[in-house]
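# An overview of the molecular structure
Single-letter residue listing:
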Amino acid sequence: MRARESERDFAAWLLNIGEKKSGSTIQLPLQCYPSVQDPIYQLYSDIDFSSVIPQELKGRAILTVNNEGSMEINNKVLEFMPGNETVYKAVDMVMSEDPQDQLTFPEEFLNSLTPTGLPPYELKLKIGCIIMLLRNLAPSKGLCNGTRLIITKLQQNIIQSKSIDGTEMFLIPQIPLIPSQTNMPFKFKCMQFPIRLAFSMTINKLQGQTFEKICLVLNEPVFSHGQLYAGLSRARSFESVSVVAPKCEIFNCVYEEVFCD
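Residues numbered from 1 in each chain as written. Predicted model: local features only at pLDDT ≥ 70, side-chain atom pairs only at ≥ 80, totals over all residues. Heavy atoms only, no water.

## Side note on the UniProt feature "domain: DNA helicase Pif1-like 2B" (unreviewed entry) in the protein
According to UniProt, the positions carrying the feature "domain: DNA helicase Pif1-like 2B" (unreviewed entry) are residues 108–154. End-to-end, the C-alpha atoms of residues 108–154 are 26 Å apart, and along that stretch the chain is 9% helix and 32% strand. (UniProt positions renumbered as here; feature names shortened; annotations may be inferred. Helix = DSSP H or I, 4+ residues; strand = E, 2+ residues; numbered from the N terminus.)

The following block contains the structure:
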């Protein structure tokens with residue numbers, strides 16, 4: 001009964017945030033603003049990584065505002081995972097027949113780029129880690145953009161994985177990837193596995209999913225309509241949420257004209 005009441009209170013609080021009834025500044029409940037402002041500690045301090053199994057991690061996620069913060073956290077969590085690390089380096093190339101473009105944008109420069117929707121140039125993985133697909137590989141089999149999987153075997157040209165519930169096995173190949181949206185004055189493609197670590201993901205990438213426990217990292221404020229609501233609503237209760245932020249008051253971005261007739 002108490003759990004259901006907590007969920008109802010949390011749902012009402014979320015609704016006020018989504019409709020901006022709480023204003024542009026939200027005062028976080030004390031149980032959501034921990035004294036230890038470390039997202040990895042908040043989410044995994046009760047887990048022994050030396051003997052952890054993927055099922056213990058699948059219900060948890062660290063949410064960030066941007067890709068840079070997410071990738072940094074993912075690599076830190078990977079360091080705690082047992083086992084040897086395997087690094088897959090992408091092959092990047094400019095999509096142009098002009099030789100001058102090859103000189104202007106050398107491969108070393110392309111390697112430094114990680115546009116939205118692409119894996120990093122150096123993809124660091126371990127057996128047992130949780131990943132997310134970045135492309136639709138086989139929608140009829142459930143292999144869609146945003147699907148989370150668990151790595152079971154790492155080979156040179158193929159990665160073996162299983163569904164997050166462990167019921168199905170899948171093989172992931174390297175494929176050519178082209179960023180769909182970029183502000184760069186040229187087009188390029190990379191040959192890489194269409195995946196990235198999924199201990200931490202951006203708020204926008206995890207929309208529509210629910211977790212047992214989340215940590216929302218707001219070292220930088222939200223910047224788009226409903227982003228705070230989308231992040232907090234990945235959990236079901238106050239007890240399932242922790243927020244890492246410079247202070248207990250956080251910004252809520254909601255465009256009021258959206259609710260106008």
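## So, the pairing of strand S2 (residues 60–64)
Regular strands place their side chains on alternate faces of the sheet. Counting buried residues along S2, five of its five residues qualify, which places the element largely inside the surrounding structure. Going residue by residue along S2, you find Arg 60, Ile 62 and Thr 64 tucked away on one face and Ala 61 and Leu 63 tucked away on the opposite face as well. Of the strand pairs in this sheet, S2 and strand S13 (residues 200–202) are connected by three bridges, and their pairing is parallel. By the bridge assignment, Ile 62 is partnered in S13 with Ser 200. (Buried < 20%, exposed > 50% of the residue type's maximum accessible area, 1.4 Å probe, protein only. Pairing = 2+ DSSP bridges.)

## Things to note about the sheet that holds S2
Read from one edge to the other, the open sheet built from four strands follows the order S13-S2-S14-S15, with strand pairing classed as parallel. Where the open sheet ends on each side, the last strands, each with one partner, are S13 and strand S15 (241–244). With strand direction ignored, the average angle separating the axes of adjacent strands in the sheet is 25°. By the bridge criterion, four bridges tie S2 to strand S14 (residues 213–217) in an arrangement that is parallel. Residue Leu 63 lies in a different strand from S14, and its bridge partner there is Leu 216. Helix H3 (residues 67–80) contacts S2, S13 and S14 of the sheet and is inclined by roughly 175° relative to S13. (Axes fitted to C-alpha atoms, helices over the stretch in contact; angles between N-to-C directions. Contact = heavy atoms within 4.5 Å.)

## Some words on empty space enclosed by the protein
Applying the stated rule across the entire model yields one cavity of 30 Å³ or more. As a volume, the largest cavity reaches approximately 40 Å³. When residues of the lining of the largest cavity are traced back to their parent elements, those giving at least two are helix H5 (107–111) and strand S11 (188–192). Among the residues making up the lining of the largest cavity, the classes are represented as nine nonpolar, one polar and one charged. (1 Å grid on protein atoms, 1.4 Å probe; cavity = no way out; pocket = protein on both sides within 12 Å on 5 of 7 lines; lining within 4 Å. Points joined across faces, edges and corners; volume = space filled by probe spheres on them. Nonpolar A, V, L, I, M, F, W, Y, C, P; charged D, E, K, R; others polar.)

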